Amino acid sequence: MRTRTAETLSRDVQALKPYAAILNARLLTLLQYRAAAIAGFGTQLFWGLIRVSIFTAFFRSSNRSQPINLPDTISYLWLTQAMLTMVMWRTDADVTAMIRTGTVSYEMLRPVDLYGMWYARAVAARLAPMLLRGLPMIIIASVFFSLRPPPTLPNAICWLIATCAALLLSAAITTLLTISLLYTISGDGLLRIVPPIVFALSGMLVPLPLMPGWLQGTLRFLPFSGLIDVPFRLYLGHISPSEYPALLCHQLLWTFVFIAAGRYALDRALQRMVVQGG
């Protein structure tokens, strides 16, 4: 029994090696764009200062009690700036070009699962800019712009786990958007509509605790709160580590839903796809 289990585990590890290699190669490629990262960091820092000024003016102009105080709101805003690139669902430019030119047919000849390959690339595309911009943003904001540290070590650990789960969820949605290009002539319309909606519903534009009370239940049910709001409220200590297992299940469940939807859409698209040219 133990031998069979070890053999099964060994086969699973071997099966994952090609996708780990794809993720690593793509990540190393994207980490080379340091000049773009520096420019992006400067832009995100500038907009972070503007957003903090806007919300500071909002709090100072109102005497009403808010569900989140100003110092925590400022920390929330700096975290959104640090993790901005994790939810900017710009599809993979290389894959988009392959779909539009028909060279995607060559991708189908590779001895790996097409969805797994695109998903690994999406993870790398979300992770690389976050490492190049997000980590420096957290350090700078902590030193100079009042970004508070997590109140306890368990909160910090849960925040890191939640961020990893959010990365997997973000990649699943990004991959589904990439697959949707197989069904359209251009696909630009969908790629213009989806990101603003997700930004609004995830807490990227306005912290979700500041949204209307009658909307809170819907916001918590939708998958987008798992991208921004859940990790950040864990960071701030608004969510107890004991509550996080249920929220982690929520993040992973929606990830599996988007992966299943992406696989189904890809299978259907490949069955009807016709490539012309020569």
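Conventions we followed
Residues numbered from 1 in each chain as written. Predicted model: local features only at pLDDT ≥ 70, side-chain atom pairs only at ≥ 80, totals over all residues. Heavy atoms only, no water. 1 Å grid on protein atoms, 1.4 Å probe; cavity = no way out; pocket = protein on both sides within 12 Å on 5 of 7 lines; lining within 4 Å. Points joined across faces, edges and corners; volume = space filled by probe spheres on them. Helix = DSSP H or I, 4+ residues; strand = E, 2+ residues; numbered from the N terminus. Nonpolar A, V, L, I, M, F, W, Y, C, P; charged D, E, K, R; others polar. Patch = residues over 30% accessible without salt bridge, like charges linked within 9 Å, V, L, I, M, F, W, Y side chains within 5 Å. Areas by Shrake-Rupley, 256 points an atom, 1.4 Å probe, with all protein chains shown as cover. Salt bridge = Lys/Arg side-chain N within 4 Å of Asp/Glu carboxyl O. Buried < 20%, exposed > 50% of the residue type's maximum accessible area, 1.4 Å probe, protein only. Polar contact = N/O pair within 3.5 Å; in protein donor to acceptor, adjacent residues only side chain to side chain. Contact = heavy atoms within 4.5 Å. Phe/Tyr/Trp six-rings, centres within 6.5 Å; stacked < 30°, edge-to-face > 60°.

Q: It is not clear to me how the layout of surface pockets should be interpreted in this structure. Could you clarify?
A: Taken as a whole, the largest pocket holds about 630 Å³ of empty space. Of all the secondary structure elements, the ones that give two or more residues to the lining of the largest pocket are α1 (2-30), α2 (34-60), α4 (93-101), α6 (114-144) and α7 (153-180). Per-element accounting of the lining of the largest pocket gives the leading share, nine residues, to α6. Tallied by class, residues from the lining of the largest pocket come to 13 nonpolar, five polar and seven charged.

Q: Please clarify how a nonpolar patch on the surface should be interpreted in this entry.
A: On the surface, I139, V143 and F144 cluster together to form a nonpolar patch covering roughly 350 Å² of accessible area. Its place among the elements puts F144 in helix α6. Looking at F144, the relative accessible area reads 59%, which means it is exposed.

Q: Sorry, what's going on with the side chain of S225 here?
A: Checked against the element boundaries, S225 lands in the loop between α9 (216-221) and α10 (229-236). Of the polar contacts made by the side chain of S225, one reaches the backbone oxygen of L219; its length is 3.4 Å.

Q: It is not clear to me how the environment of L201 should be interpreted in this structure. Could you clarify?
A: Mapped onto the secondary structure, L201 falls in helix α8 (residues 188-202). Distance from L201 to T103, taken between C-alpha atoms, is 36 Å for residues 98 residues apart in sequence. In this structure L201 touches L208, L219, L222, F224 and S225, once residues within four positions along its chain are discounted.

Q: Sorry if this is basic, but what is going on with the packing of aromatic side chains here?
A: For any pair of aromatic rings, the description rests on two quantities: the centre-to-centre distance and the angle between the ring planes. Tallied over the full model, the rule gives nine aromatic pairs. For the ring pair W78 and F145, a centre distance of 5.2 Å and an interplane angle of 25° mean the geometry is stacked. Of this pair, W78 sits in helix α3 (residues 70-82) while F145 sits in the loop between α6 and α7, and the two are 67 residues apart along the sequence. Note on F221 and W254: the rings are 5.8 Å apart at their centroids and 80° apart in plane angle, and the pair reads as edge-to-face. Taken as a pair, F221 in helix α9 and W254 in helix α11 (residues 244-272) lie far apart in primary sequence, 33 residues in all. Judged by its relative accessible area of 18%, W254 falls in the buried class.

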